[in-house]
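# Fold and contact review
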Amino acid sequence: MMDCNCRHKIMMPWSVDIDLADGTMREPDRVLVRRASDMEGYYKDPAALRDLIGQDDPVHYEVFEKQIPEQYGQLLLCISKLHPGRVGDECFMTKGHYHTISHTAEVYLCIRGQGYMLMKTADGQCVAEPMRRNRMVYVPPCWAHRSVNTGDEPLISFCVYPGDAGHNYGDIAQQGFPKRVFIRDGREVIE
Ligand code: F6R
Ligand code: ZN
């Protein structure tokens, strides 16, 4: 390692295999797994969530990550794999968060599945962008974001965001999003 002309050490280049069909990263450094029991307080129907937890506490989503320093100038990347399922009639979703450094953006490239990226601002705007294979969603600075799976297969995205962005889950855990996504009579309902 040698110093570059900034405060960081020179990092060696590297590469990783990503299986686009399965939505997995070969040899991830970390896999974060969130089950139904990690999602208490997030869904509209808490009783339906308790039922799921009591059955087999299914995995909601997995995040496959490489270890990259969480510093300005780095890019963090991961594969986010959100499994299909419903809590009552509400579609499985991620917790959702603002970035701690709120003026940091993120790119989600959807590689499999279908659903929405729900995004909201602190001043009350809320947008649902469709996610489907080969579609990219740009999450601008200052938008909280949560992905929602409306399909019958995993919703898989490749995500890239600034190294120093950080994650603020508290605001969403308390306030939620103004919109939720349901499947009713076989149709998507966003309300
Ligand atoms: C990172 C990012 C995604 C999510 C992942 C899980 O900034 O937005 O990698 O972390 O989709 O969702 P959360 O973090 O909301 O549980
Ligand atoms: Zn994010």
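In what follows, the accompanying structure is described. Keep in mind that what you see is a predicted model, and the values were worked out from it rather than measured.

## Things to note about the sheet that holds strand E11 (residues 136-139)
As summarised here, the arrangement of the six strands in space is E3-E4-E5-E13-E8-E11, forming an open sheet in which the pairing is antiparallel. Sheet topology places strand E3 (30-35) and E11 at the edges, where each strand pairs with a single neighbour. The mean angle between the axes of side-by-side strands here comes to 20 degrees, regardless of whether they run parallel or antiparallel. Relative to strand E5 (residues 75-82), strand E4 (residues 59-65) runs antiparallel, the two being bridged by five bridges. Across the sheet, residue Glu62 finds its bridge partner in E5, namely Lys81.

## Structural notes on the environment of Asp171
As for its position among the elements, Asp171 is in helix H2 (residues 170-175). Residue classification places Asp171 among the partly exposed residues on the basis of a relative accessible area of 30%. Considering only alpha carbons, one finds Asp171 and Pro58, 113 residues apart in sequence, at a separation of 25 Å. Setting aside anything within four residues of it in sequence, one finds Asp171 in contact with Tyr98 and Gly176.

## Let's talk about the nonpolar core
One finds Tyr43, Val87, Tyr108, Met117, Met131, Val137 and Val139 to be the most contacted residues of the largest nonpolar core, which totals 34 residues. Looking at which element gives the most residues to this core, the answer is strand E9 (residues 114-120), with four residues. With residues near it in sequence (within four places) discarded, Val139 still touches Ala105, Glu106, Tyr108, Met117, Met119 and His145. If you look at the next biggest cluster of nonpolar residues, it comprises ten residues, including Met25, Ile68, Ile79 and Tyr161.

## Description of the coordination of the zinc ion (ligand 2)
The coordination sphere of the zinc ion (ligand 2) contains the protein donors His97 (NE2), His99 (NE2), Glu106 (OE) and His145 (NE2), at a distance range of 2.0 to 2.3 Å. Geometry at the zinc ion (ligand 2) is octahedral, judged from its six donor atoms and the angles of 74 to 173 degrees they form at the metal. When the donor residues of the zinc ion (ligand 2) are listed from N- to C-terminus, their spacing reads H-x1-H-x6-E-x38-H. In this pair, His99 sits in the loop between strand E7 (90-91) and strand E8 (106-112) while His145 sits in strand E12 (residues 144-149), placing the two residues 46 residues apart along the sequence. Among the residues examined, His99 registers a relative accessible area of 3% and is labelled buried. Given the relative accessible area of 1%, His145 is considered buried.

## Considering the site of ligand 1
The environment of ligand 1 is formed by 17 residues, the closest being Tyr61, Glu106, Tyr108, His167 and Tyr169. A distance of 2.5 Å separates an oxygen atom of ligand 1 from a polar atom in the side chain of Tyr61. Within the backbone of Gly96, a nitrogen or oxygen atom sits 2.8 Å from an oxygen atom of ligand 1. Where the shell around ligand 1 is concerned, the elements lending two or more residues are E4, E5, E8 and strand E13 (155-162). Here the shell around ligand 1 is composed, by residue class, of seven nonpolar, seven polar and three charged.

Cut-offs applied
- Residues numbered from 1 in each chain as written.
- Chains lettered and ligands numbered in written order.
- Predicted model: local features only at pLDDT ≥ 70, side-chain atom pairs only at ≥ 80, totals over all residues.
- Heavy atoms only, no water.
- Pairing = 2+ DSSP bridges.
- Helix = DSSP H or I, 4+ residues; strand = E, 2+ residues; numbered from the N terminus.
- Axes fitted to C-alpha atoms, helices over the stretch in contact; angles between N-to-C directions.
- Buried < 20%, exposed > 50% of the residue type's maximum accessible area, 1.4 Å probe, protein only.
- Contact = heavy atoms within 4.5 Å.
- Core = buried A, V, L, I, M, F, W, Y, C linked by side-chain atoms within 4.5 Å.
- Donors = N, O, S within 2.8 Å, 3.2 Å for Na, K, Ca; no water.
- Tetrahedral: all angles 85-135°; square planar, octahedral: opposite > 155°, others 65-115°.
- Near = heavy atom within 4 Å.
- Polar contact = N/O pair within 3.5 Å; in protein donor to acceptor, adjacent residues only side chain to side chain.
- Nonpolar A, V, L, I, M, F, W, Y, C, P; charged D, E, K, R; others polar.

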